[in-house]
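The residues making up each chain are set out below.
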Amino acid sequence: MQYDNNNVFAKILRGEIPCKKVYEDNHVLSFYDVNPQKKIHVLVIPKGKYINLDDFNENASDEEIVALSKAISHIAKKLSISIKNGEGYRALANIGVNAGQEVPHLHFHLFGGEKIGKMVE
Ligand code: 5GP
């Protein structure tokens, strides 16, 4: 499967679609989900062109992988949903059709600010 340069997150990364930014560094961008499912719902994406987590872990550099992982904890703390300064959160990545992945650019959802509920339906 080829990376689709016209997916919505690629457009956000190119600045063609606006987003409500939460965090950015050399490798990572985070912004609020346009259709929040919980009180706090943000997305965390790598800036590189990776379709899903498997693609990322196979093809991204160690620096990119570390940056994304660390950014998740940093953003949770920034939003006061971490276990250090909040009540905890859920980090979730949908991978492929069975998981219901809609946007073919790797993204982690961070849900918090309230009880998140059942893990799967
Ligand atoms: P998936 O189902 O692929 O794991 O999640 C895709 C997520 O992207 C959904 O939660 C959806 O609301 C979000 N989304 C789709 N288009 C946009 C957009 O243009 N801007 C933002 N901020 N989020 C989007």
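What you see is a predicted model, and the numbers here were worked out from it, not measured in a lab. (Residues numbered from 1 in each chain as written. Predicted model: local features only at pLDDT ≥ 70, side-chain atom pairs only at ≥ 80, totals over all residues. Heavy atoms only, no water.)

Overview of the pattern of salt bridges
Oppositely charged side chains may form a pair once their charged atoms are brought near each other.
Phase 1: Counting across every chain of the model gives 3 salt bridges.
Phase 2: Lys 21 is the salt-bridge partner of Glu 24, the closest N and O atoms lying 2.5 Å from each other.
Phase 3: The class for Glu 24 is partly exposed, based on a relative accessible area of 39%.
Phase 4: Accessibility expressed as a relative area gives 49% for Lys 21, which makes it partly exposed.
Phase 5: Across the pair Lys 47 and Glu 24 runs a salt bridge whose closest N-O atoms are separated by 2.7 Å. In this pair, Lys 47 sits in the loop between strand 3 (40–46) and helix 2 (53–59) while Glu 24 sits in strand 1 (residues 21–24), placing the two residues 23 residues apart along the sequence.
Phase 6: Salt bridges linked by common partners bring Lys 21, Glu 24 and Lys 47 together as one network. (Salt bridge = Lys/Arg side-chain N within 4 Å of Asp/Glu carboxyl O. Buried < 20%, exposed > 50% of the residue type's maximum accessible area, 1.4 Å probe, protein only. Helix = DSSP H or I, 4+ residues; strand = E, 2+ residues; numbered from the N terminus.)

Observations regarding unusual backbone geometry
Phase 1: In this structure, Ser 80 is a non-glycine residue whose phi angle is positive, near 60°.
Phase 2: In this fold, Ser 80 is placed in the loop between helix 3 (62–78) and strand 4 (89–92).

Thoughts on the nonpolar core
Phase 1: Membership of the largest hydrophobic core comes to 20 residues, with the highest contact counts inside it found for Val 28, Val 42, Val 44, Leu 68, Ile 75 and Leu 79.
Phase 2: Mapped by element, the contributors of at least two residues to this core are strand 1, strand 3, helix 3 and strand 5 (108–112).
Phase 3: For this core, the element with the highest residue contribution is helix 3, accounting for 6 residues.
Phase 4: When sequence neighbours within four positions are dropped, the list of residues in contact with Val 28 reads Tyr 23, Val 44, Ile 45, Lys 47, Ala 67, Leu 68 and Ala 71. (Core = buried A, V, L, I, M, F, W, Y, C linked by side-chain atoms within 4.5 Å. Contact = heavy atoms within 4.5 Å.)

So, the layout of surface pockets
Phase 1: Volume-wise, the largest pocket comes out at about 830 Å³.
Phase 2: Considering the residues around the largest pocket, the lining is formed by 32 residues, among which Asp 33, Gln 37, His 41, His 109 and Phe 111 are closest to the centre.
Phase 3: Secondary structure elements with two or more residues in the lining of the largest pocket: helix 1 (8–13), strand 2 (28–32), strand 3, strand 4 and strand 5.
Phase 4: By residue number, the principal contributor to the lining of the largest pocket is helix 1, which donates 3 residues.
Phase 5: Broken down by class, the residue content of the lining of the largest pocket amounts to 17 nonpolar, 8 polar and 7 charged. (1 Å grid on protein atoms, 1.4 Å probe; cavity = no way out; pocket = protein on both sides within 12 Å on 5 of 7 lines; lining within 4 Å. Points joined across faces, edges and corners; volume = space filled by probe spheres on them. Nonpolar A, V, L, I, M, F, W, Y, C, P; charged D, E, K, R; others polar.)

Details of the site of the ligand
Phase 1: Near the ligand you find 16 residues, and of these Asp 33, Asn 94, Glu 102, His 107 and His 109 are the closest.
Phase 2: In the environment of the ligand, a nitrogen atom lies 3.3 Å from a nitrogen or oxygen atom belonging to the backbone of Val 34.
Phase 3: The separation between an oxygen atom of the ligand and a polar main-chain atom of Glu 102 is 2.6 Å.
Phase 4: Compared with its free state, where it exposes 520 Å², the ligand has 84% of that area covered by protein.
Phase 5: Here the ligand occupies the largest pocket.
Phase 6: Contributing elements (two or more residues each) for the shell around the ligand: helix 1 and strand 2.
Phase 7: With 3 residues, the top contributor of residues to the shell around the ligand is helix 1. (Near = heavy atom within 4 Å. Polar contact = N/O pair within 3.5 Å; in protein donor to acceptor, adjacent residues only side chain to side chain. Areas by Shrake-Rupley, 256 points an atom, 1.4 Å probe, with all protein chains shown as cover. Sits in = over half its atoms within 2 Å of the grid points.)

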